[in-house]
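Understanding the architecture of this molecule
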Amino acid sequence: MDTPTSSTTLPATRRHDLDWVRVCAFGLLVLYHVGMYYVTWDWHVNSPFASHALEPTMMLTAPWRLSLLFLVSGVATAFLLARARRQAEADTGRVRFLGSRSWRLLVPLLFGMAVVVVPQSYYEVVEKLPGGYHDGFLAFWGRYLRGDQDFCGPGGCLVLPTWNHLWFLAYLWVYTVALWLLWRLGRPLLERATTVLQRALSGWGLLLWPALALALARLLLVGHFGSTHALVDDWYNHVQYFGVFLLGFLVARSAGFWDAAERLRWPALLAWLATWAALAGYMYAYADSDPPEALRMAMRLAWGVDQWCAIVAVLGFARRLAPGDGPLLRYLVPAVFPVYILHQTVTVVAAHNLRPVALHPALEGPLLVVLTFATCFAAYEVIRRVPPLRPLFGLQYRERPVPPATDQAGMACSTTSCTAAPPR
């Protein structure tokens, strides 16, 4: 969408602070998924040492990390769509935005489902199937590709094939298509919404209104629509994730929004830490029992407040403190997407194969982090140099340097995980 030109509109320069936010958020994702191995929440594999001990720390990022990435993706989509329109007007007269985004998102998704995530399901079957699984990886891969639904245990049957942590790509593509349709068919409505949001979110309303919306969404929906990451029945997640994705798109160039985030970063940080303390204490107190219903409802409201205030704090501090452009950022920006695609599989494979060593989590956890980062970046060094591999991991066929100060054209794909939600 072409945002109206006014004194409250930012120029179309690359937002290096948001590049750093995206890079750091994906780094947190690796830490989070290593942590998933050691908590009691259901995951593909679980450590023999799994306990409640790490769960309050996991809650530091669990409510907001994915929402932040969807919001940043919405901002990037605004710049990408505006750039595509300008290029179309200058060259061919056609906007090729949707085809380009589909290629960048769906090719890695399909390749990831067919190849990258298969070891996650294999080791899940090996560890959790009653009696284990003994036919080997290649035999399992064949059954996986055929959609064999006979891998069943006490918790139900494993749905194959699956996208596991790559569910984000499917959601981002669907949201991109929906936004593109809104842009094509309802542009005046989007422009009016932008004007309203510029006024409503340029002061303390920035903390109040989105936090209230996210808190009410969790209060009203999460009890009826648990987090599934299955797309078709994931209505609570659609409300929160598409909501912040659309918000990011609408405020991408709103100077008032970004100025307010920077001004309110300290109040947002304090509110985030206060609500995190409440959520962590709640989880600790009721780790093995059911809480009173009124308290459960109150914590759902606290979750929404935590979710938004953490986002504002991150955006505000990044705008004030992010180091800007440089060689490190230009290396990390294109690396983020391949690392995201690979990381969870690397963690699962490493965790399973380290199990016989029986290391204490204090040693094994940091080792898993190092192994995951080292393996993923080593793989990226290969991927970036082999043109046929590049599109399979969300990169253009030929390597091109990240521009130092042009439109926000970096991959806006965020991360996440195919993990069970923390206890509600």
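Residues numbered from 1 in each chain as written. Predicted model: local features only at pLDDT ≥ 70, side-chain atom pairs only at ≥ 80, totals over all residues. Heavy atoms only, no water.

Things to note about the overall build of the protein
The criterion, for reference: Put simply, DSSP H or I for four residues or longer makes a helix, DSSP E for two residues or longer makes a strand, and each gets a number counted from the N terminus. Throughout, a contact is declared for two residues whenever any of their heavy atoms are within 4.5 Å. All accessible-area figures derive from a Shrake-Rupley calculation using a 1.4 Å probe, and residue coverage is judged against the displayed protein chains alone.
Within the protein, the regular secondary structure consists of 15 helices and two strands. Put simply, 78% of the contacts in the protein that link residues at least 6 apart link residues at least 24 apart. Total accessible area on the protein stands at roughly 17,900 Å², and carbon and sulfur atoms take up 67% of it.

Some details on the packing of helix α5 (residues 118-128) against helix α14 (residues 327-354)
This is how it is decided: Here the axes come from fitting lines to C-alpha atoms, over the contacting stretch only for helices, and the angles between their N-to-C directions go from 0 to 180 degrees. Any angle between 65 and 115 degrees counts as roughly perpendicular, while under 35 counts as roughly parallel, over 145 as roughly antiparallel, and the rest as oblique. Should the near helix be turned anticlockwise from the far one by less than a right angle, the crossing is left-handed, and should it be turned clockwise, the crossing is right-handed. Residues are grouped as follows: nonpolar covers Ala, Val, Leu, Ile, Met, Phe, Trp, Tyr, Cys and Pro; charged covers Asp, Glu, Lys and Arg; every other residue, Gly included, is treated as polar.
With their axes 9 Å apart at the nearest point, α5 and α14 run at an angle of 30 degrees to one another. When the axes of α5 and α14 are compared, the pair comes out roughly parallel. As for how α5 packs across α14, the hand of that crossing is left-handed. Of the residues in α14, those touching α5 at Pro119, Gln120, Tyr123, Val126 and Glu127 are Gln344, Thr345, Val348, Val349, His352 and Asn353. Split by residue class, the contact of α5 with α14 holds five nonpolar, five polar and one charged.

Some remarks on α14
Keep this limit in mind: Expected helix span is computed as 1.5 Å times (number of residues minus one). Bend, at a single residue, is the angle you get between axes fitted to the 7 residues ending at that residue and the 7 residues starting at it. For every residue, the accessible area (1.4 Å probe, protein chains only) is compared with the maximum for its type, and the residue is labelled buried under 20%, exposed over 50%, or partly exposed between those bounds.
The end-to-end C-alpha distance of α14, which contains 28 residues, comes to just 35 Å, noticeably less than the 40 Å that a straight helix rising 1.5 Å per residue would cover. Ala335 marks where α14 bends most, by close to 40 degrees; the proline Pro338 follows one to four residues later. The buried fraction of α14 amounts to 21 of the 28 residues, a majority that puts the element mostly inside the structure.

Considerations on the packing of aromatic side chains
What counts, and what does not: Aromatic pairs are defined between Phe, Tyr and Trp rings, using the six-membered ring for Trp, whenever the two ring centres lie within 6.5 Å; interplanar angles under 30 degrees are classed as stacked, those over 60 as edge-to-face, and all others as tilted. Remark: a charge is flagged as sitting over a ring if the NZ atom of Lys or the CZ atom of Arg is within 6 Å of the ring centre and within 35 degrees of the ring normal.
On inspection of all chains with the given rule, the structure shows 31 aromatic pairs. Here Phe70 and Tyr175 contribute two aromatic rings whose centre-to-centre distance is 5.5 Å and whose plane-to-plane angle is 55 degrees, an arrangement assigned as tilted. Of this pair, Phe70 sits in helix α3 (residues 65-90) while Tyr175 sits in helix α7 (residues 167-185); the two residues are 105 residues apart in sequence, bridging distant segments of the chain. Among the aromatic residues, ring-to-ring pairing joins Phe70, Trp167, Phe168, Tyr171, Tyr175, Tyr241, Phe242 and Phe245 into one connected group. The ring of Trp183 is capped by Arg187, whose NZ or CZ atom sits 4.1 Å from the centre of that ring.

A word on the nonpolar core
Put simply, the rule reads: By nonpolar core is meant a set of buried Ala, Val, Leu, Ile, Met, Phe, Trp, Tyr and Cys residues that side-chain atoms within 4.5 Å join together.
In this structure, Phe70, Phe140, Leu206, Trp308, Leu315 and Tyr340 are the most contacted members of the largest nonpolar core, which totals 125 residues. It is α14 that contributes the most residues to this core, 15 residues altogether.

Quick look at the pattern of salt bridges
To keep things clear, this is the line we draw: In the sections that follow, a salt bridge refers to a side-chain nitrogen of Lys or Arg positioned within 4 Å of a carboxyl oxygen of Asp or Glu.
If you walk through the whole model with that rule in mind, you get 13 salt bridges. Between Arg355 and Glu127 there is a salt bridge, with its nearest N and O atoms 3.1 Å apart. Taken together, the residues Arg355 in the loop between α14 and α15 (361-383) and Glu127 in helix α5 connect sequence positions 228 residues apart. Using a relative accessible area of 27% as the deciding quantity, one classes Arg355 as partly exposed. Two residues, Glu293 and Arg296, come together in a salt bridge whose shortest N-O distance is 3.4 Å.

Notes on the state of the cysteines
Worth spelling out the cut-off: Criterion for a disulfide: a pair of cysteine sulfur atoms within 2.5 Å.
Per the counting criterion, the structure on display carries one disulfide. Note on cysteine connectivity: Cys152 is disulfide-linked to Cys157, with sulfurs 1.8 Å apart. Taking the sign of the S-S torsion, 95 degrees for the link of Cys152 and Cys157, the bridge is right-handed.

Points about α7
For α7, with 19 residues, the first-to-last C-alpha span of 27 Å sits near the 27 Å given by 1.5 Å per residue. Turning to α7, its buried residues number three or more, namely Trp167, Phe168, Leu169, Ala170, Tyr171, Leu172, Tyr175, Thr176, Val177, Leu179, Trp180 and Trp183.

Focus on the packing of helix α1 (residues 16-36) against α15
Packing of α1 against α15 brings their axes to within 10 Å, and their N-to-C directions diverge by 135 degrees. Classified by the angle their axes make, α1 and α15 are oblique. The element α1 and its partner α15 pack so that their crossing is right-handed. Residues Gly27, Val30, Leu31 and Val34 of α1 touch α15, and the partners they reach there are Gly365, Leu368, Val369, Thr372 and Phe373. A breakdown of the residues in the contact of α1 with α15 according to their chemical character gives six nonpolar, three polar and no charged.

Section: the side chain of Glu262
Examined against the element boundaries, Glu262 turns out to sit in helix α11 (residues 255-263). Apart from the residues within four sequence positions on either side, Glu262 is in contact with Gly316, Arg319 and Arg320.

Focus: unusual backbone geometry
Geometrically, the link from Leu160 to Pro161 is a cis peptide bond, its omega value of -10 degrees lying close to zero. Structurally, the position occupied by Pro161 is in the loop between β2 (156-157) and α7. Positive phi outside glycine occurs at Asn164, with the angle close to 45 degrees. Take Asn164: it is sitting in the loop between β2 and α7. Overall, the relative accessible area of 4% leaves Asn164 in the buried class. Positive phi values are uncommon outside glycine, yet Leu231 reaches one of about 75 degrees. Within the secondary structure, Leu231 sits in the loop between α9 (205-221) and α10 (235-250). By relative accessible area, which is 23% here, Leu231 ends up partly exposed.

What about the side chain of Ser47?
Selection rule: Between N or O atoms, a polar contact is any pair within 3.5 Å; within protein, one atom must be a potential hydrogen donor and the other a potential acceptor, and residues adjacent in sequence are included only when both atoms are from side chains.
Residue position: Ser47 is located in the loop between α1 and α2 (55-58). Polar side-chain contacts of Ser47 include one of 2.9 Å to the backbone nitrogen of Phe49. Sequence-distant contacts of Ser47, defined by excluding residues within four places in its chain, comprise Tyr37, Tyr38, Arg355 and Glu364.

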